[in-house]
Amino acid sequence: SCWQLTDANDASRTATFSWPHAAKQCFPTCNEETRTATRADADASALARKVVERVWSWGLNREGVEFTWAKSAGSDQESGLLVTPWGRGTWGVVGSRTDVLVAEFVQQRHMLRFADDAPTFTSTRCADGDKVQGEALRMAAGGGSVTVGW
């Protein structure tokens, strides 16, 4: 759903305005064509460079999610590999946004909107609009503060 409506005369009366595939209506990048990130994409995206330097929470899960790299099958080119406690997936940049990355794992597509002022994100699952928060837990390469350079 996109909006919580409240009666102007009686704040206790509310309704949720929703429709099928709400995330695609509320978060237009769910409909955008995306692709798995390449090193060249990361070089061109400040956000991509920042996320690979950190290990992230996802909702209540504190084991850590990592945005990393793996060689593509039959190629020397590396592409975005997402390592989660639920399985491996891919990640990529969204051409129209500098604050959003796409993550795909367990047959689900998520749009991750990162904050400008802190190493945090809100994930919106494209299939149903479910939202989950995440934050940087630690630096991926060890040492250092997760907020420095954000």
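Because the structure is a prediction, the values reported are computed rather than measured.

S.K.: Looking at this model, I keep getting lost on the nonpolar core. Mind explaining?
M.R.: In summary, soluble globular proteins display a tendency toward joint burial of nonpolar side chains. In terms of nonpolar packing, the biggest core is built from 23 residues, with V51, W56, W58, F67, W91 and F114 touching the most fellow members. By size, the runner-up hydrophobic cluster in this structure holds 6 residues, among which are V94, V102, M111 and C126.

S.K.: Please explain the state of the cysteines as it appears in this structure.
M.R.: Disulfide: a covalent bond formed between the sulfur atoms of two cysteine residues. Within this structure, the stated rule accounts for 1 disulfide. Between C30 and C126 runs a disulfide, and the two sulfur atoms are separated by 2.1 Å. In this structure, the disulfide formed by C30 and C126 twists by about -85° around the S-S bond and is classed as left-handed. Linking C30 in the loop between α1 (22–26) and α2 (39–44) with C126 in the loop between β9 (120–125) and β10 (131–139), this pair joins segments that are 96 residues apart in sequence. A residue is classified by how much of its surface remains accessible, and C30, at 4% relative accessible area, is buried.

S.K.: How should the pairing of strand β3 (residues 54–58) be read in this particular structure?
M.R.: Remark: a regular strand shows side chains that alternate across the two faces of the sheet. The buried count for β3 comes to 5 of 5 residues, which makes it a mostly enclosed element. Sheet analysis places β3 next to β10, joined by 3 bridges and oriented antiparallel. Following the sheet pairing, W56 is matched in β10 by A136. As defined by bridge partners, β3 adjoins strand β4 (residues 61–71) across 3 bridges and the pair is classed as antiparallel. Residue pairing in the sheet places W56 in a bridge with V65 of β4. Count of turn residues in the β3/β4 antiparallel hairpin: 2 residues, of which G59 carries a positive phi of about 65°.

S.K.: Please explain the side chain of S123 as it appears in this structure.
M.R.: For S123, the location among the structural elements is in strand β9. By relative accessible area, S123 is classed as buried at 1%. Of note is the side chain of S123, whose polar atom sits 3.3 Å from the side chain of H110. Excluding anything up to four places from it in sequence, S123 contacts W58, H110, M111, L112, D130, K131 and V132.

S.K.: Is there a simple way to explain the packing of aromatic side chains in this structure?
M.R.: Think of a pair of aromatic rings as described by two things: how far the centres are apart, and how the planes are tilted against each other in angle. Per the counting criterion, the structure on display carries 10 aromatic pairs. Ring centres 5.8 Å apart and planes at 65° place the aromatic pair W56 and W150 in the edge-to-face group. One end of the pair, W56, is in strand β3; the other, W150, is in the segment after β10, with 94 residues separating them in the sequence. The pair W56 / W150 is uniform in exposure class, with both members buried. Ring-pair connections join several aromatic residues into one group, and the members of that group are W56, W58, W86, F105, F114, F121 and W150. Residue placement shows K50 over the ring face of W150; its charged tip is 5.1 Å from the ring centre.

Reading the values: rules and limits
Residues numbered from 1 in each chain as written. Predicted model: local features only at pLDDT ≥ 70, side-chain atom pairs only at ≥ 80, totals over all residues. Heavy atoms only, no water. Core = buried A, V, L, I, M, F, W, Y, C linked by side-chain atoms within 4.5 Å. Buried < 20%, exposed > 50% of the residue type's maximum accessible area, 1.4 Å probe, protein only. Disulfide = S-S within 2.5 Å. Helix = DSSP H or I, 4+ residues; strand = E, 2+ residues; numbered from the N terminus. Pairing = 2+ DSSP bridges. Polar contact = N/O pair within 3.5 Å; in protein donor to acceptor, adjacent residues only side chain to side chain. Contact = heavy atoms within 4.5 Å. Phe/Tyr/Trp six-rings, centres within 6.5 Å; stacked < 30°, edge-to-face > 60°. Lys NZ or Arg CZ within 6 Å of the ring centre and 35° of its normal.

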